[in-house]
Amino acid sequence: MARPVKPGWITAKTADTNDLYERSVQCPESEVDLIIQAWDEIRGREPVTLREDFCGTSAVAREWVQRNDFCTVVGVDLNSDVLAWASNRIEKDLTQQQRSRIQLIEHDVMTIQSGSVDCVLAMNFSYYGFKKRETLKQYFTSVYNSLVDDGLFLLDAYGGSDSFLEMDEERDLDGFTYVWDQHCVNPITGDIVNYIHFEFPDGSKIKRAFTYEWRFWTLPEIRDVLLESGFSSVNVYWEGTDEDGEGDGVWSIDTRGEACAGWVAYIAAVK
Ligand SMILES: C[S@@+](CC[C@H](N)C(=O)[O-])C[C@H]1O[C@@H](n2cnc3c(N)ncnc32)[C@H](O)[C@@H]1O
């Protein structure tokens, strides 16, 4: 039931779903830290040119150009609405010098011709949208061909026993509740449908603010397809745990993960 709206409350009517998305699922500072860490550990240098595939609101691209005054980034997404939102945010949040080092391109990542870059990023599992093995391989091969000779491709993956279940997970955030809804999981095909819903203190809701129709790829499958696409090696960054067994935000290259209910890992594929 709807409750009277208090000053400062976000409601379904006033919410900016892209802003809620960033606040719910993204942490661009730690993503950029991870990029720099992987480059330092694997290549012993800092990357300069980045391409953020599936860039969405451009959160990572904006963080990237704020780290120094010379790094550049190309963000690629095929959704013109989210790119318009990103352009506004870039205009509002960044200096002219920072803006001059970001380019947003409305394009399918599968066929983008961006020129050679040090690093390509594909985060928040967006490539799970490529449901067939040959399509995934075609995308990974095109990334491989876009990288400089010592380039790295950084992507993420999720898994764990819960990821095979149809279930909801709620998190109370500042002024709203984020709901991750694993709505449909087909164990025969690997097809999954996930939604993000938002709920507000006045009782209003935005159901299915975001929809993801994906193939659930496992880490060994992703690794195999990366190697078949030409990458010379594939490193998995696994998160450490604190004394309560919770993720501690410290990532290191590992070959033995923990068979827990839910995990996220980063992958560094080496050209
Ligand atoms: C899950 S969001 C990821 C946003 C952001 N990268 C992040 O880490 O949270 C997926 C984005 O990928 C875009 N997208 C999906 N398929 C695409 C494709 N083939 N080429 C370009 N963009 C695509 C969607 O428009 C959406 O903005």
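None of the values given here were measured: they were computed from a predicted structure.

It is worth spelling out the domain arrangement of the chain at this point. Each domain of the chain was delimited in the assignment, giving domain 1 (19–159 + 217–270) and domain 2 (161–214). Summarising the inter-unit geometry, the C-alpha centres of domain 1 and domain 2 are found 22 Å apart. Counting residues at the interface gives 15 residues for domain 1 and 19 residues for domain 2. Each partner contributes to the roughly 1400 Å² buried at the junction of domain 1 and domain 2, and carbon and sulfur atoms together form 62% of this total. Broken down residue by residue, the surface that domain 1 buries against domain 2 is led by Leu20, Ser24 and Tyr158, which jointly contribute 35%. Viewed at the interface, domain 2 and domain 1 are joined by one salt bridge. Between Lys131 and Asp191 there is a salt bridge whose closest N-O contact spans 3.5 Å. At the surface where domain 1 touches domain 2, the tally comes to six residue pairs in polar contact (both at pLDDT 80 or more).

It is worth spelling out the site of the ligand at this point. Around the ligand sit 16 residues, and of these Tyr21, Phe54, Asp77, Val109 and Asn124 come closest. In the model, a nitrogen atom of the ligand is placed 3.0 Å from a nitrogen or oxygen of the Asp108 side chain. Interatomic distance of 2.7 Å between a side-chain N/O atom of Asn124 and an oxygen atom of the ligand. Protein chains shield 85% of the accessible area of the ligand, which is 600 Å² for the free molecule. Class assignment for the residues of the shell around the ligand results in seven nonpolar, six polar and three charged.

Conventions we followed
Residues numbered from 1 in each chain as written. Predicted model: local features only at pLDDT ≥ 70, side-chain atom pairs only at ≥ 80, totals over all residues. Heavy atoms only, no water. Domains from an automatic or database assignment. Contact = heavy atoms within 4.5 Å. Buried area = accessible area lost by both parts, 1.4 Å probe. Salt bridge = Lys/Arg side-chain N within 4 Å of Asp/Glu carboxyl O. Polar contact = N/O pair within 3.5 Å; in protein donor to acceptor, adjacent residues only side chain to side chain. Near = heavy atom within 4 Å. Areas by Shrake-Rupley, 256 points an atom, 1.4 Å probe, with all protein chains shown as cover. Nonpolar A, V, L, I, M, F, W, Y, C, P; charged D, E, K, R; others polar.

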